Amino acid sequence: MSRPVRDRPRVNPEAPDNRADVLGAREPLPGRQALLLAALLIGLVLMGLQLWLLTVALDMYLAGEGESLWLLALVSGLVFAGGLLAWRRSA
Amino acid sequence: MSGNGRRPAAAPAVNRPASPSPRRGGTSRWRGEFPYHWDADDVVARRELLGLAVLASGALFAGTAVLAAMGRLRERRRGSARPVARLADVPEGRAYYFNYPGEDDQAVLLHLPGGRFVAYSQKCTHLSCAVYFQEEHNRLFCPCHDGVFNPQTGEAVAGPPQRPLPRIALRREGDTLIALEETP
């Protein structure tokens, strides 16, 4: 993990330091950092799953087994709907 | 970027964007529209990141859904009954090349040892190169990437292809072979 922005050496030491204004509302509380990291990793795994589903769907389509593709689309759609829900709740 | 190499004065805080006033006597307009300090310009809000991830997820779902819809709509069986060759044209252990189901679709008819006839599309299931029959090795071979198919079944046995060749159903009528349909 990279260091938090407020701990890094400053690019322009001459300019007034207003990083606290910029970062104050953005950095998570200390206890929430791990939670956010876990959520990010779960999201990445789910997107990897969607990518895998797409490749399986393409393979099945080319093999002429198009009848059962709806199941793959359903799982991918559920992952997308979950992400959409999380995005709307974060507003 | 200023021409004399001097850096601009401090930018306003993100929570207090500057008013779009003219340069003199106030803050520049670009700072109001882009209020990040350059020490923090690599910060991406979590909501922005989540929005991009949801967008990518939606694109992946759309791709899968389109394939599912196309799989529903596509005809599995192609072609109609058509004579393709006379038995005398294909000696045992030899191949006969013809076009089926369309005029541009190449296909291969094999007379296997034992008198059995089989026909396959010549389109390799890897990248659609034309496969041909190698009599000396008794195999269907794709020269593009050295893919090999079993002439008895059409199954891929070596190289990059993973799926069997599309099979063409045949019927014998007297001394003529009739192609009925192509199935994947």
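In what follows, the structure referred to is the one given above.
Residues numbered from 1 in each chain as written. Chains lettered and ligands numbered in written order. Predicted model: local features only at pLDDT ≥ 70, side-chain atom pairs only at ≥ 80, totals over all residues. Heavy atoms only, no water.

Further remarks concern the state of the cysteines. All names here are of chain B. Counted according to the given criterion, the structure contains one disulfide over all chains. With a sulfur-sulfur separation of 2.1 Å, Cys-129 is cross-linked through a disulfide to Cys-144. Between Cys-129 and Cys-144, the disulfide has an S-S torsion of -100° and is therefore left-handed. Here Cys-129, found in the loop between β4 (117-121) and β5 (132-134), pairs with Cys-144, found in the loop between β6 (139-142) and β7 (147-149); they are 15 residues apart in sequence, far enough to count as distant. For Cys-129, a relative accessible area of 19% corresponds to the buried category. When its relative accessible area of 41% is taken as the criterion, Cys-144 is described as partly exposed. With no disulfide partner, Cys-124 has as its closest neighbouring cysteine sulfur the one in Cys-142, 3.7 Å distant. Classification of Cys-124 as buried rests on a relative accessible area of 3%. Accessibility expressed as a relative area gives 2% for Cys-142, which makes it buried. (Disulfide = S-S within 2.5 Å. Helix = DSSP H or I, 4+ residues; strand = E, 2+ residues; numbered from the N terminus. Buried < 20%, exposed > 50% of the residue type's maximum accessible area, 1.4 Å probe, protein only.)

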